[in-house]
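Each chain, letter by letter, is given below.
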Amino acid sequence: MNKPIRRIAVLTMALFVALLLNASQIVVFQQDSLNTNPQNRRVRDEQFGGHRGSIVAGKTTLAVSDATPQGSQFAYQRSYPQGDLYAPVTGYFSYDRGSTGLESAYSAELAGTSNSLFVRRLVDTVTGRSPQGATVETTLDPKAQQAAAQALGHQQGAVVAMDAETGAVLAMVSSPSYDPTTLSGTDIKSAGEAYGTLLQDPDSPLTNRAAGEIYPPGSTFKLVTAAAALENGMQPSTLVDTPAKLTLPGTKTQLPNETQCGDGQQTLDRALQLSCNTAFANVAIKLGDNALRQQAEKFGWNFQLGDVGGVAARFPANPDPAQTGLSGIGQYDVASNPLHMAMVSAAIANDGKLMTPYVVQTVRAADLTALSTTKPKELSQAMSAANAQQLQGMMVNVVNSGTGTSAQINGVRVGGKTGTAQTTADKPPYAWFTAFAEKNNRKIAVAVFVESANVPRSEVGGNVVAAPIAKSVIQALL
């Protein structure tokens, strides 16, 4: 071989090596990003029409892929047999609008493109078998989910229930909701029109009020203030100044009580039973904003349940003493949602130990092999066990002889806290109720938020509007 030919051969070999290295680099490092690139229409068509795995709750199917008639553009179509009931958790799987909820968080597993399914994909390729995604098994209890939805009815609001000892989410309802099937159909034009209609709906049915938004928690936040008080040396029997009206420090603003708290002093226990604003504002001012913020963070204020698009709760950064007083009763700039308020009750019921909330129990391959299983995990020790047990007793007193009597259930130990949060003059106040319940060594926590109860403004209250909903969910679970 002469010299010029040898050079051409070496150059050709070098080009082949470079091509091989570049192809390998794309496969190893860029495959996932290229597959998820919304501009990659070929992959999007393939994934949208693929045999996606199911989402289930026990034996109830929440999302499934059905084969389409032969000759259709897509081989499979996504549907949601339970309609709008589980939409806040499953989300939707749309061709043009992407996906939300578990459809988004577990998209790779459902589509069968996850690395955990590599061996199965390889076997499918060799055998010529159609690839199938994994099944996502949730922690939801269909009975509790149905009970929460029925009790909430057509009112705007949300409900969350969870196992206090594991953190497993048992129910997550948001109202109004939507039917994800209308957004996930293979008629792309109709699906787009349905999405536009939902987006323009003034009642915001696409919003997950249970975990994806935050609202003033009203007097349910007094549980956080009470926990901070106990952790800083106060007792349920400690007397607290409870004037009929409290002039907030450095202002001329007078904060009144909304219930019959008298004009003197109340014990911390009795102040919680009666939900005395001036007592808890005084406690908050005495403790200071740092103590309240630290206590809120121990109750998971910064936690976000990403699987369902969850957001963190909020406590103001630098409130002055007057703002701190209002924060102690769940006003000013404090904001939370039903998931976070259920976490507060759950931690108190679980002797101060806050478990990390989760909504997916197991991801299972088509051959029923478990690819991943969620194990209960402690998020924080929100308060000492002794103080948590004292606060449990105070919450039980709220239900037995305080502002939360609508949640009483024969044979079940129930502790709770009501809340009514003022919004604007043209909107009714929000009604809240958060509770724990215990029976036969099982502990659960529930939080109910009613944004609009469709009743006169004067009748809106946690005990009247929200507590009966929590009671229905507790009865479904215990």
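Residues numbered from 1 in each chain as written. Predicted model: local features only at pLDDT ≥ 70, side-chain atom pairs only at ≥ 80, totals over all residues. Heavy atoms only, no water.

Structural notes on the overall build of the protein chain
Step number 1: Secondary structure summary: the protein chain contains 17 helices and 17 strands in total.
Step number 2: Of all 478 residues assigned to the protein chain, the portion counted as buried reaches 50%.
Step number 3: Taking all contacts inside the protein chain whose residues are at least 6 apart in sequence as the whole, residues at least 24 apart take part in 68%.
Step number 4: In the form shown here, the protein chain has an accessible surface area of approximately 21300 Å², with 51% of it arising from carbon and sulfur atoms.
Step number 5: Computed over 36 positive and 36 negative side-chain charges, the inter-centroid distance for the protein chain is 6 Å. (Helix = DSSP H or I, 4+ residues; strand = E, 2+ residues; numbered from the N terminus. Buried < 20%, exposed > 50% of the residue type's maximum accessible area, 1.4 Å probe, protein only. Contact = heavy atoms within 4.5 Å. Areas by Shrake-Rupley, 256 points an atom, 1.4 Å probe, with all protein chains shown as cover. Lys, Arg positive; Asp, Glu negative; His and termini not counted. Charge placed at Lys NZ, Arg CZ, Asp CG, Glu CD.)

Let's talk about the pattern of salt bridges
When charged atoms on two side chains of opposite charge get close, those side chains can pair.
Step number 1: Applying the stated criterion across every chain yields a total of seven salt bridges.
Step number 2: The salt bridge involving glutamate 103 is made with arginine 52; its shortest N-O contact spans 3.0 Å. In this pair, glutamate 103 sits in helix H4 (residues 101–105) while arginine 52 sits in the loop between helix H2 (41–48) and strand E1 (55–57), placing the two residues 51 residues apart along the sequence. Arginine 52 carries the same exposure label as glutamate 103, and that label is buried.
Step number 3: Of the charged contacts in the structure, one is a salt bridge between arginine 314 and aspartate 333, with a shortest N-O distance of 3.0 Å. Taken together, the residues span a long stretch of sequence, with arginine 314 in the loop between helix H13 (289–298) and helix H14 (321–327) and aspartate 333 in the loop between H14 and helix H15 (338–349) at a distance of 19 residues.
Step number 4: Judged by relative accessible area, arginine 314 falls into the partly exposed class, the value being 38%. (Salt bridge = Lys/Arg side-chain N within 4 Å of Asp/Glu carboxyl O.)

A closer look at helix H16 (residues 385–401)
Step number 1: For H16, which comprises 17 residues, the first-to-last C-alpha distance of 24 Å matches the rise-based estimate of 24 Å (1.5 Å per residue) to within 8%.
Step number 2: All of the buried residues along H16 are Asn387, Ala388, Leu391, Gln392, Met394, Met395, Val396, Val398 and Val399.
Step number 3: Where H16 is buried, its residues touch helix H10 (222–231), helix H11 (268–274), H15, strand E15 (413–421) and strand E16 (430–439). (Expected span 1.5 Å × (residues − 1).)

A look at the side chain of serine 79
Step number 1: With respect to the helices and strands, the residue serine 79 is situated in strand E3 (residues 76–79).
Step number 2: Of note is the side chain of serine 79, whose polar atom sits 2.8 Å from the side chain of aspartate 66. (Polar contact = N/O pair within 3.5 Å; in protein donor to acceptor, adjacent residues only side chain to side chain.)

Considerations on the state of the cysteines
Between two cysteines, a covalent bond joining their sulfur atoms is known as a disulfide.
Step number 1: Using the criterion set out here, one finds one disulfide in the structure.
Step number 2: The residue that forms a disulfide with cysteine 261 is cysteine 276, at a sulfur-sulfur distance of 2.2 Å. With the S-S dihedral at roughly -105°, the linkage between cysteine 261 and cysteine 276 falls on the left-handed side. One end of the pair, cysteine 261, is in the loop between strand E9 (254–256) and strand E10 (264–267); the other, cysteine 276, is in the loop between H11 and helix H12 (277–287), and 15 residues separate them in sequence.
Step number 3: Assessed through its relative accessible area of 3%, cysteine 261 is described here as buried. (Disulfide = S-S within 2.5 Å.)

Focus: helix H7 (residues 142–152)
Given 3.6 residues to a turn, an α-helix orients residues that are three or four positions apart in the same direction.
Step number 1: Listing the buried residues of H7 in full gives Ala144, Gln145, Ala147, Ala148 and Leu152. What you see down the axis of H7 is that its buried residues fit within an arc of 165°, all on one side. Away from its buried face by more than 90 degrees, H7 exposes Lys143 and Gln150.
Step number 2: Elements in contact with the buried residues of H7: strand E5 (156–163), strand E6 (169–175), strand E17 (442–452) and helix H17 (462–477). (Arc of directions from axis to C-beta.)

Regarding the pairing of E17
Looking along a regular strand, one sees side chains alternate from face to face of the sheet.
Step number 1: With ten of its eleven residues buried, E17 lies for the most part within the structure.
Step number 2: Bridge count for E5 against E17 is eight bridges, and the pairing is antiparallel. Looking across to E17, one finds that alanine 161 is bridged to valine 446.
Step number 3: Two strands pair when backbone bridges link them, and E16 and E17 are joined in this way by nine bridges, in the antiparallel orientation. Residue pairing for E17: threonine 434 is matched across the bridge by alanine 447.
Step number 4: Connecting E16 to the antiparallel partner E17 that follows it, the hairpin turn spans two residues, and asparagine 440 within it adopts a positive phi of roughly 50°. (Pairing = 2+ DSSP bridges.)

Quick word on the pairing of E15
Step number 1: Along E15, seven of the nine residues are buried, which leaves the element largely enclosed by surrounding structure.
Step number 2: Of the pairings in the sheet, the one linking E15 to E16 comprises nine bridges and is antiparallel in character. Residue pairing in the sheet places lysine 417 in a bridge with threonine 434 of E16.

Looking at empty space enclosed by the protein
Using a probe with the size of a water molecule, rolled over the atoms, empty space left in the structure can be pinpointed.
Step number 1: In the structure shown here, the tally under the stated rule is two cavities of 30 Å³ or more.
Step number 2: The computed volume of the largest cavity comes to approximately 50 Å³.
Step number 3: As for the largest cavity, its lining consists of Phe48, Gly50, Arg52, Ser65, Tyr76, Gln77, Arg78, Phe93, Ser184 and Thr186.
Step number 4: Looking at the lining of the largest cavity, the element that brings in the most residues is E3, giving three residues. (1 Å grid on protein atoms, 1.4 Å probe; cavity = no way out; pocket = protein on both sides within 12 Å on 5 of 7 lines; lining within 4 Å. Points joined across faces, edges and corners; volume = space filled by probe spheres on them.)

Brief notes about the sheet that holds E1
Step number 1: Read from one edge to the other, the open sheet built from six strands follows the order E3-E2-E1-E4-E12-E13, with strand pairing classed as mixed. The sheet is open, and its two borders are formed by E3 and strand E13 (370–373), each paired with just one other strand. The mean inter-strand angle of the sheet, taken between neighbouring strand axes irrespective of direction, is 20°.
Step number 2: Note: E1 against strand E2 (residues 60–67), three bridges, orientation antiparallel. Counterpart to isoleucine 55 in the pairing with E2 is alanine 63. (Axes fitted to C-alpha atoms, helices over the stretch in contact; angles between N-to-C directions.)

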